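Coordinate analysis (summary)
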Amino acid sequence: GVWREVRDFDGGYHRAREPLLRFLGVFDDHATWVFTDETGRLTQGEPDLGKKIGISNEVIEKRFLAWGFDVVPEKPNVYSDPTCRRPRERTLKGRVLYCEHHYKMHDNRNRIHVHRPVAESGWKPIVAIFHGHLPLPGD
């Protein structure tokens, strides 16, 4: 149902169209690698040395930044505040997903919230939320 939310962007779809399409193209092509490659490489062109070091939020952020996209996780206080956490949650096949990673299309407005691949998504990355800006603690 994420496509129904396209009208929730500040300025509507027309303001968000170009950065949205650019992001979705890169997300479709590379997000599985971004969220699942445990080698710590920051680009797919780097050699795989066969080491598994895990996937930190910092690595995810740097990988997206290599394509020019500011994708960051929410701060911990957002998750701990139910008023802020719930709008970032989506249910997929009975599993509640907290969609903390988000692309900042415009400095203070318009976000695309995503989630790493899970079994319920057939191990595909998830585009979960389109919105102008979700609530933050203290709003």
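Our structure's up above, just so we're on the same page.
Residues numbered from 1 in each chain as written. Predicted model: local features only at pLDDT ≥ 70, side-chain atom pairs only at ≥ 80, totals over all residues. Heavy atoms only, no water.

**Topic: the sheet that holds strand β6 (residues 126-131)**
Applicable threshold: Any two strands between which DSSP finds at least two bridges are classified as paired. A run of DSSP states H or I qualifies as a helix once it reaches four residues; a run of E qualifies as a strand once it reaches two. Both are numbered from the N-terminal end. Two residues form a contact once any of their heavy atoms are found within 4.5 Å. To obtain an axis, a line is fitted to C-alpha atoms, over the contacting stretch when the element is a helix, and the angle between two such axes runs from 0 to 180 degrees between their N-to-C directions.
Pairing is antiparallel in the open sheet, where four strands are placed in the order β1-β4-β5-β6. Whereas interior strands pair on both sides, the edge strands pair on one side only; in this sheet they are β1 (71-72) and β6. In this structure, strand β4 (residues 101-106) lies alongside strand β5 (residues 109-115), joined through five bridges in antiparallel fashion. Following the sheet pairing, K104 is matched in β5 by R111. Against the sheet, helix α1 (residues 12-36) engages β1, β4, β5 and β6, with an angle of about 150° to β4.

**Overview of the packing of aromatic side chains**
Spelled out, the test is: Only the six-membered ring of Trp is used, alongside the rings of Phe and Tyr, when aromatic pairs are assigned; centres must lie within 6.5 Å, and planes under 30 degrees apart are stacked while those over 60 apart are edge-to-face, with the rest tilted. Each residue is placed in one exposure class: buried if its accessible area under a 1.4 Å probe, protein chains only, is under 20% of its type's maximum, exposed if it is over 50%, and partly exposed if it falls in between.
This model, assessed by the stated rule, comprises eleven aromatic pairs. Their ring planes at 5° and their centres at 6.4 Å tell us that F27 and F64 sit as a pair that is stacked. Of the two residues, F27 is situated in helix α1 and F64 in helix α2 (residues 57-65); the sequence distance between them amounts to 37 residues. Given a relative accessible area of 0%, F64 falls into the buried group. Between the aromatic rings of Y79 and Y98, the centroid separation amounts to 4.9 Å while the plane-to-plane angle is 70°, which identifies the pairing as edge-to-face. Within this pair, whereas Y79 is found in helix α3 (residues 76-80), its partner Y98 is found in strand β3 (residues 95-98), the two being separated by 19 residues in sequence. Under the relative-accessibility criterion, Y79 is labelled partly exposed at 44%.

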